Amino acid sequence: MSISDQELNEFRAQVSAWMRDNKPADPGFLLPQTFMEVGDERQLDFLREWQHKVWSAGYLGMAWPKAYGGGGQQAVFQAIADREMRRHAVPICFNVIGLGWAGPLILDIGSEEEKARYLKGILSAEDIWCQGFSEPDHGSDLGSAQTRAVRDGDEYVINGQKIWTTMGNFAKYMILLARTNPAAQRKYDGLSFFLAPMNVPGIEARPIRKITGEYGFTETFFTDARIPAGCLMGEEGQGWKIAMQTLQYERGAEAGAAGGLMMVRVTIDDMIEQLRDVSRDGAPVLHDPVMRDTLVKMIMEEKAVALGERRAHISALTSDYPGSLPLSGKLRSTEMSRRMRQFAINLQGAAGGLYVGDDAARQGGFWQRAYFNSFSATIGGGTSQVQANIVAEHVLGLPK
Amino acid sequence: MSVIGNTALGFSEEQAMLLDVAREFCRDRSPMAAVRAQLETEHGFDREIWEEMVALGWAGIALPESCGGSGLGVAALVPVAEAMGRAMLGTPLISSSLAAQLLLRAGGAGPMDDILAAIAGGAIATVALLDGADWGATHTGCTLGPGGELQGVKHYVPDAAVAGLFVVLVEDGGAPALALVRAEQLAPGAIAANTLIDQTKRSASVDFSGVRVSEEQLLRGAAVVSGVHDLHLLGALLIAAEATGSAASCLDTTVEYLKTRKQFGRLIGSYQALKHPAVDILCAVDSSRSFIYHAATLAGDGPLDRDAEIACRMAKAQATETLLFAGDRAVQFHGGMGFTYECDAQLYIRRAQWSQQQWGDAQHHRKRLAAMLLGPVG
């Protein structure tokens, strides 16, 4: 069914007006730029209320079925709503593991019962989700995960440890990758996938203090934690396959996410505008020839990524290295963000040495903190080095 | 307004078809053995292949139908140049096309339609622009004197030895003008060939002193200024397109070697020290391709606007640095073989150095981009 331009324009105007009228006032504390920066209850409560409000207004999960709390509309409406959220710079929809990864996974391969039980709470922000993939000894090498799940009657008994659990201390559910068969010949075949509750005895989520000095992740310990056997998704041994499918949503290679503004995108324009009054050699920093050259390189880098997103839709211009643009997307955009934030500190002169908490820090130390936080993206979800291996092996066909 | 600005990128069916045809043509007619066979010839290309390209309509592909062209604009030259670069095919197509674009944009459409038609029909033309090595030079010492007599030498004139027509940038009473000189008007010995770092390319110094041109052979006025400005950008774009193709095939050559060469009992492509830079090259090729087709989307037949200028400059700054990187790593990753003349890596590293120095290097363009995007200094 095609939708008229007029209908889309009317919808755009309607969302735009709603965002303008409902954008929350500055709460007086720093709001997370990404879902990995929710460090305290104040931030949690604020974001939970905001997501609930966006969903209640009908601007979240618009393309998910109505039966599960969605809007039952075409995806184009959500795309428009997302753009308007970005344009109005409203807070993020923070339940990202649910909205972006677990939700679409359940929609695609979940049972009717799973859909009915989980999806609505993801959208309304009543149920916060976290992810239990990485382990202390198995970060990017997910296939070697050692956390054990042993079937005991109607339950699985979980023992082990996960790490980098975003919002692990706030979450009600976890998508959990655990080993059900340690004797499997291929390590991947011994893994199973669970939609596990977090509020059972034997699960302890200890907040981890990050390089920024703040919180956002936990170490999650499982000590004889018993979860219902019905939490198993699919069958035993399918864990790796399901985890890989989950990563497809995470990397944006597979559609289905509920939408919503998932992170505050900081652009090079923000950097230029916020730092243009810095002085260098007695003149504006933007007059410095070396800084100018570096800035132009960064502008080009950001523009190239934007153009790549356009080119990815033109099949005649992507046939040389199929998969190159989508598979390198995370690697390129996260590395670019990291370098840009690092350079933003570099631009500040002596003030670049200040940090959050110092009244003289530029933008309250925003760039310093943003630089540190940017590593969560170059490390999490498969480090840049692992991403480069994936591109090398899958796009260029280089040997393992 | 974002500094990222316009991100339009379109690709027409005509362009897609051309890319297909051009790529197949170049692959068939220009295998590496054929490229190597031309390295030490006088003119650096195979007449027969050139005539086939003319028959395919490529010499006039970007020219209006009113002068014998296909009316597809510069956008159609980009896929052809990319395909030629991929196969390292030497032909005067870029030289001729740029000369035609200059005439077209500098007031030649109409009075010089017959000349444009001749170029569309395969007559080889070239632009004689530079007095020296400086792409940023703002005036020329080559002058138009009394009685229409030219005085001065032009350097780095591409494909000069085969050109039948030269579009020469001169100064006429302090203002730029273009003089159209036929090869037969040149004095004997006026053309002195360069020895180029890239043996697939040809250029020469050309002495125009004493050549007399009639009023019909001259273009003057504001259109010349704007035409020459756009020529610099279109030259940058076409070299960027060609370099993008060369970088892609350079990457393919390197990857092929990494997949077959064994050391210490392992395929060397399994070492991350080689694998990761290969991915960096791939990403750089991806950026180059995005920029050249973005610029192709914005470069119309009229005077190039700000967005088109930004796009052409970015394409050039990106693509030739990409090829420099790809060529440099190709030599290194081929190990001892890479140090030999026999290894194809040398063709790419030579092309890289040559391309970087055409129409301004990356720094030249970034400096101008900085002025456009970050404002002037002072």
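Note that residues are indexed from 1 along each chain, following the sequence as it is written. As a convention, the first chain written is A and the first ligand written is 1, with the rest following in written order. Since the coordinates come from a predicted model, pLDDT governs what is reported: local features require at least 70, and pairs of side-chain atoms require 80 or more to be given and counted, while whole-chain, interface and lining totals use all residues.

**Student:** Where do I start with the overall build of chain B in this structure?
**Tutor:** Numbering goes from the N terminus for both helices and strands, where a helix is a DSSP run of H or I of at least four residues and a strand is a run of E of at least two. In terms of helices and strands, chain B carries twelve helices and eleven strands. Here the radius of gyration uses the C-alpha set of atoms, whereas the globule reference equals 2.2 Å times the residue count to the power 0.38. Compactness check: chain B gives a C-alpha radius of gyration of 21 Å against a globular reference of 21 Å for 378 residues, within 12% of the reference. Counting only C-alpha atoms and orienting by the principal axes, one finds that chain B spans roughly 75 × 50 × 40 Å. Any residue whose C-beta has 12 or fewer other C-beta atoms within 10 Å is treated as exposed, any with 20 or more as buried, and any in between as partly exposed, C-beta atoms being built from the backbone. Within the span of chain B, comprising 378 residues, buried residues form 54% of the whole.

**Student:** Help me understand helix α6 (residues 113-120) of chain B in this model?
**Tutor:** For the α-helix, the turn length of 3.6 residues means that residues three or four positions removed from each other point alike. Residue and element names in this part refer to chain B. Residues Ile115, Leu116, Ala118, Ile119 and Ala120 constitute the buried set of α6. At its buried positions, α6 is contacted by α5 (93-108), β1 (125-128), β5 (165-172) and β6 (175-182). Count one or two residues on from α6 and you reach Gly122, which has phi positive near 110°. What counts as a contact here is a pair of residues whose C-beta atoms, placed from the backbone, lie within 7 Å.

**Student:** Help me out: how do you make sense of the pairing of strand β2 (residues 148-152) of chain A in this one?
**Tutor:** Residues and elements named next belong to chain A. Pairing geometry for β2 and strand β3 (residues 155-166), over five bridges, is antiparallel. What sits directly across from Asp152, in β3, is Glu155. The hairpin formed by β2 and β3 contains two residues between the paired strands, and Gly153 there has a positive phi angle of roughly 65°. Strand pairing requires that DSSP identify at least two bridges connecting the strands.

**Student:** Looking at this model, I keep getting lost on the sheet that holds strand β8 (residues 203-207) of chain B. Mind explaining?
**Tutor:** Paired through their backbone hydrogen bonds, the strands of a sheet run either parallel or antiparallel. Residue and element names in this part refer to chain B. Read from one edge of the open sheet, three strands run β4-β8-β7, paired in antiparallel fashion. Single-partner strands in this sheet number two, and they are β4 (153-158) and β7 (191-193). Adjacent strand axes in the sheet meet at a mean angle of 25° when their direction is disregarded. Across four bridges, the pairing between β4 and β8 is antiparallel. When the sheet's bridge partners are listed, Pro158 is paired in β8 with Ser203. Axes, fitted as lines to C-alpha atoms, cover a helix only where it is in contact. Angles between the N-to-C directions of the axes lie from 0 to 180 degrees.

**Student:** I tried to follow the nonpolar core on my own but got confused; where do I start?
**Tutor:** Nonpolar side chains in soluble globular proteins tend to end up buried together. Here, a nonpolar core denotes buried Ala, Val, Leu, Ile, Met, Phe, Trp, Tyr and Cys residues that are linked to one another through C-beta atoms within 7 Å. Within the largest apolar cluster, 162 residues are counted, with the highest numbers of intra-cluster contacts made by Val167, Val168 and Leu237 of chain B. Sort the elements by how many residues they give to this core and helix α7 (residues 222-260) of chain B lands first, with 18 residues. Residue contacts for Val168 of chain B: discarding those within four places in its chain leaves Ala128, Cys142, Leu150, Lys154, Leu178, Ala179, Val181 and Phe208 of chain B. Within the second largest apolar cluster, 78 residues are counted, among which are Phe94, Ile175, Cys231 and Leu261 of chain A.

**Student:** Can you walk me through the confidence of the model for chain B in this structure?
**Tutor:** Each residue gets a pLDDT score, which is the predictor's confidence in that residue and runs from 0 to 100. Across chain B, pLDDT averages 97, with 99% of residues at or above 70. This prediction of the complex comes with two scores: 0.88 for pTM and 0.96 for ipTM.

**Student:** In this structure, what is going on with the interface of chain B and chain A? I would like to understand it.
**Tutor:** How big an interface is tends to be stated in terms of the accessible area lost upon association of its parts. Taken together, the contact pairs 41 residues of chain B with 40 residues of chain A. Looking at the side of chain B that touches chain A, the elements that each hand over two or more residues are α1 (13-29), α7, α8 (272-298), α9 (306-333) and α12 (362-374) of chain B. It is α8 of chain B that provides the largest number of residues to the side of chain B that touches chain A, a total of 14 residues. Ten residue types, Ala, Val, Leu, Ile, Met, Phe, Trp, Tyr, Cys and Pro, are classed as nonpolar, four, Asp, Glu, Lys and Arg, as charged, and the remainder, Gly among them, as polar. Looking at the side of chain B that touches chain A residue by residue, the class counts come to 23 nonpolar, 13 polar and five charged.

**Student:** Even after reading the chapter, I still don't get the packing of helix α8 (residues 289-311) of chain A against α9 of chain B, so can you show me in this structure?
**Tutor:** Two packed helices can be described by the angle between their axes and the distance between those axes. At a minimum axis separation of 11 Å, α8 of chain A and α9 of chain B run at an interaxial angle of 95°. The angle between α8 of chain A and α9 of chain B places the two elements in the roughly perpendicular class. Facing Met300, Lys303 and Ala304 of chain A of α8 of chain A, the residues of α9 of chain B in contact are Met314, Ala317 and Gln318 of chain B. When the residues that make up the contact of α8 of chain A with α9 of chain B are grouped by side-chain class, the tally is four nonpolar, one polar and one charged. An angle below 35 degrees is treated as roughly parallel, one above 145 as roughly antiparallel, one from 65 to 115 as roughly perpendicular, and anything else as oblique.

**Student:** Which parts of the structure should I look at to understand the domain arrangement of chain A?
**Tutor:** Residue and element names in this part refer to chain A. Domain delimitation in this document rests on an assignment produced automatically or drawn from a domain database. Taken domain by domain, chain A comprises domain 1 (5-126), domain 2 (130-250) and domain 3 (268-394). Just the C-alpha atoms count here: the centres of domain 2 and domain 3 sit 32 Å apart. Of the residues assigned to the side of domain 2 that touches domain 3, the class counts are two nonpolar, two polar and one charged.

**Student:** Explanation requested: the environment of Arg23 of chain B in the structure shown.
**Tutor:** All names here are of chain B. Here Arg23 shows up in helix α1. Of the residues examined, Arg23 has 20 C-beta atoms within 10 Å and is grouped as buried. When the C-alpha positions of Arg23 and Gly245 are compared, they lie 9.8 Å apart, and in sequence the two are 222 residues distant. Setting aside chain neighbours within four positions, we find Arg23 in contact with Ala83 and Arg86.

**Student:** Can you help me understand unusual backbone geometry in this one?
**Tutor:** Phi is positive for Asp281 of chain A, which is not a glycine, with a value near 55°. Judged by C-beta crowding, with 8 C-beta atoms within 10 Å, Asp281 of chain A ranks as exposed. In this model, Asp159 of chain B sits at a positive phi of 50°, which is unusual for a non-glycine residue. Counting through the fold element by element, Asp159 of chain B comes out in the loop between β4 and β5. For Asp159 of chain B, a count of 24 C-beta atoms within 10 Å gives the class buried.

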